Amino acid sequence: MSDRVVPEPQRRRRRPTKQGVVLSAGLIVDTAIRLIGQHGAEALTVRRLGAALGADPSAVYRYFHSTDDLLLAIADELIGRAQHGWQPTGDWRADLRAIGLRIHASYQAHPQAALLAAHRTTGRTHEIAAVEAILGTLRTAGFPDAEAVRVYHAFVDQSLAFAALDAAALALPAPAAAADLQVWQASYARLDAATHPHIAATAHLLTSDMRRSGYPYALDLLLDAAAARLRSADTGPDG
């Protein structure tokens, strides 16, 4: 498939598709995200894309080597959407918190696509910009390079893990999602304090808290730990 991809300057169609649009890599990615949201992972085929675009399916290969190449472009687009409009404030903790919440929100807005893309490494424009921004925030804050890389790794993995976990919950059919939430009320809240004293004591809190994502709190815990390590690095062994 790779030899079908046309160099960037030669890609644009001279005529609109049946839908009245001119094909581009961005349009194909946007259409793929929409189809995945409507029909799930099985929608990521050139046949479906061609039909949605009003073009011959083979036209997709003018822009992407394969469906996996397109999937990486989708992953990079979600990262780009998370970064759109973000500006550093100079407060490293606030900046990282904003980036993390933006990543999480971007994937939650497209849960079906997130399930396909959250675990991929794209090496593309938006991902590279995000890596640069996060590492720059950490190094400017004073983290030594080795520590900056460790914090970066933990930060990104935590963000993407929660994004995938919460996306999976959002992608559940409504009856299954409702049934999962009801378990906390119907099962855990009814456990006997004599046999499960800790669950019984906190059941009213569990039924409320488990309806929300644990990511914002987990993110704050990670940033607390990073701040403590930065203070330790600043003071040194003789501080």
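Reading the values: the criteria
Note that residues are indexed from 1 along each chain, following the sequence as it is written. A pLDDT threshold of at least 70 governs which residues receive local features in this predicted model, and a stricter bar of 80 or more applies before side-chain atom pairs are shown or counted, although totals over entire chains, interfaces and linings include all residues. Computation of side-chain values: all heavy atoms of the structure, hydrogens and water removed. Helical segments are the DSSP runs of H or I of at least four residues, strand segments are the runs of E of at least two, and each set is numbered from the N terminus. Summary of the burial criterion: residues with accessible area below 20% of their type's maximum are buried, those above 50% are exposed, and those between are partly exposed, where the area comes from a 1.4 Å probe applied to protein chains only. The contact rule is simple, with two residues in contact once any of their heavy atoms fall within 4.5 Å. Each accessible area is a Shrake-Rupley estimate made with a 1.4 Å probe; only the visible protein chains count as cover when residues are assessed. Fitting a line to C-alpha atoms yields each axis, with helices limited to the stretch in contact; the angle taken between N-to-C directions then spans 0 to 180 degrees. What sets the label is the angle itself: under 35 degrees gives roughly parallel, over 145 gives roughly antiparallel, 65 to 115 gives roughly perpendicular, and the rest give oblique. What makes a crossing left-handed is the near helix being turned counterclockwise from the far one by less than a right angle; a clockwise turn instead makes it right-handed. Here the nonpolar group is Ala, Val, Leu, Ile, Met, Phe, Trp, Tyr, Cys and Pro; Asp, Glu, Lys and Arg are the charged ones; every other residue, Gly included, is treated as polar. The quantity known as pLDDT measures the predictor's confidence residue by residue, on a range of 0 to 100. Under the rule applied, a polar contact is a pair of N or O atoms within 3.5 Å (in protein, one hydrogen donor and one hydrogen acceptor; residues adjacent in sequence only if both atoms are side-chain atoms). Only centres within 6.5 Å qualify two rings of Phe, Tyr or Trp (six-membered ring in Trp) as a pair; their planes then separate them into stacked at under 30 degrees, edge-to-face at over 60, and tilted for everything else. The rule for a salt bridge is simple: a side-chain nitrogen of Lys or Arg has to be within 4 Å of a carboxyl oxygen of Asp or Glu.

## What about the overall build of the protein chain?
Phase 1: The helix and strand inventory of the protein chain stands at ten helices and zero strands.
Phase 2: For the protein chain, the sequential pattern of α-helices and β-strands runs α-α-α-α-α-α-α-α-α-α.
Phase 3: Buried positions account for 35% of the 239 residues belonging to the protein chain.
Phase 4: Contacts in the protein chain between residues far apart in sequence, at least 24 positions, make up 69% of those at least 6 positions apart.
Phase 5: Accessible surface, the protein chain: about 13,600 Å² in total, of which carbon and sulfur atoms supply 56%.

## Describing the packing of helix α6 (residues 125-141) against helix α7 (residues 145-171)
Phase 1: α7 packs onto α6 with a crossing angle of 130° between their chain directions and a minimal axis gap of 9 Å. In terms of axis orientation, α6 runs oblique to α7. Where α6 crosses over α7, the handedness of that crossing is right-handed. In this structure, α6 contributes Val 131, Ile 134, Leu 135, Leu 138 and Arg 139 to the contact, and α7 contributes Asp 145, Ala 148, Val 149, Val 151, Tyr 152, Phe 155 and Val 156.
Phase 2: Here the contact of α6 with α7 is composed, by residue class, of ten nonpolar, no polar and two charged.

## Details of the confidence of the model for the protein chain
Phase 1: Residues at a pLDDT of 70 or more form 89% of the protein chain, whose mean pLDDT is 89.
Phase 2: Per-element confidence in the protein chain is highest for α6, whose mean pLDDT is 97, and lowest for helix α8 (residues 174-186), whose mean pLDDT is 91.

## A closer look at the environment of Arg 81
Phase 1: Here Arg 81 is to be found in helix α3 (residues 67-83).
Phase 2: Here Arg 81 falls in the partly exposed class, since its relative accessible area comes to 31%.
Phase 3: For the pair Arg 81 and Ala 105, spaced 24 residues apart in sequence, the C-alpha separation works out to 9.6 Å.
Phase 4: Here Glu 77 takes part through its side chain, which lies 2.8 Å from a polar atom of the side chain of Arg 81.

## Here's the deal with the environment of Asp 95
Phase 1: Take Asp 95: it is sitting in helix α4 (residues 92-108).
Phase 2: Along the chain, Asp 95 and Thr 137 lie 42 residues apart, while their C-alpha atoms are 7.5 Å from each other.
Phase 3: If sequence neighbours within four positions are ignored, Asp 95 has contacts with Trp 86, Gln 87, Pro 88, Thr 89, Gly 90 and Thr 137.

## Focus: the packing of aromatic side chains
Phase 1: The tally for this structure, following the rule as stated, stands at three aromatic pairs.
Phase 2: Note on Trp 92 and Phe 143: the rings are 5.2 Å apart at their centroids and 85° apart in plane angle, and the pair reads as edge-to-face. Linking Trp 92 in helix α4 with Phe 143 in the loop between α6 and α7, this pair joins segments that are 51 residues apart in sequence.
Phase 3: Look at Trp 92 and you get buried, because its relative accessible area is 15%.
Phase 4: For Phe 143, a relative accessible area of 3% translates into the label buried.
Phase 5: Ring geometry for Phe 162 and Tyr 215: centres 5.5 Å apart, planes at 45°, overall tilted. Placement of Phe 162 in helix α7 and of Tyr 215 in helix α10 (residues 215-235) is noted, with a sequence separation of 53 residues between them.

## Notes on the packing of α3 against α4
Phase 1: Viewed as axis vectors pointing N to C, α3 and α4 meet at an angle of 130°, and their least axial separation amounts to 8 Å. With respect to each other, α3 and α4 are oriented oblique. Seen from above, α3 lies across α4 with right-handed handedness. Contacts between α3 and α4 pair Ala 75, Leu 78, Ile 79, Arg 81, Ala 82 and Gln 83 from the former with Arg 102, Ile 103, Ser 106 and Tyr 107 from the latter.
Phase 2: Classifying every residue of the contact of α3 with α4 by side-chain character gives six nonpolar, two polar and two charged.

## Here's the deal with the pattern of salt bridges
Phase 1: Scanning the entire structure with this criterion turns up ten salt bridges.
Phase 2: Across the pair Asp 30 and Arg 81 runs a salt bridge whose closest N-O atoms are separated by 2.9 Å. Taken together, the residues span a long stretch of sequence, with Asp 30 in helix α1 (residues 25-39) and Arg 81 in helix α3 at a distance of 51 residues.
Phase 3: Asp 30 sits in the partly exposed class, given a relative accessible area of 38%.
Phase 4: Residues Asp 69 and Arg 124 are paired through a salt bridge, measuring 2.3 Å at the closest nitrogen-oxygen approach. Taken together, the residues span a long stretch of sequence, with Asp 69 in helix α3 and Arg 124 in the loop between α5 (111-117) and α6 at a distance of 55 residues.

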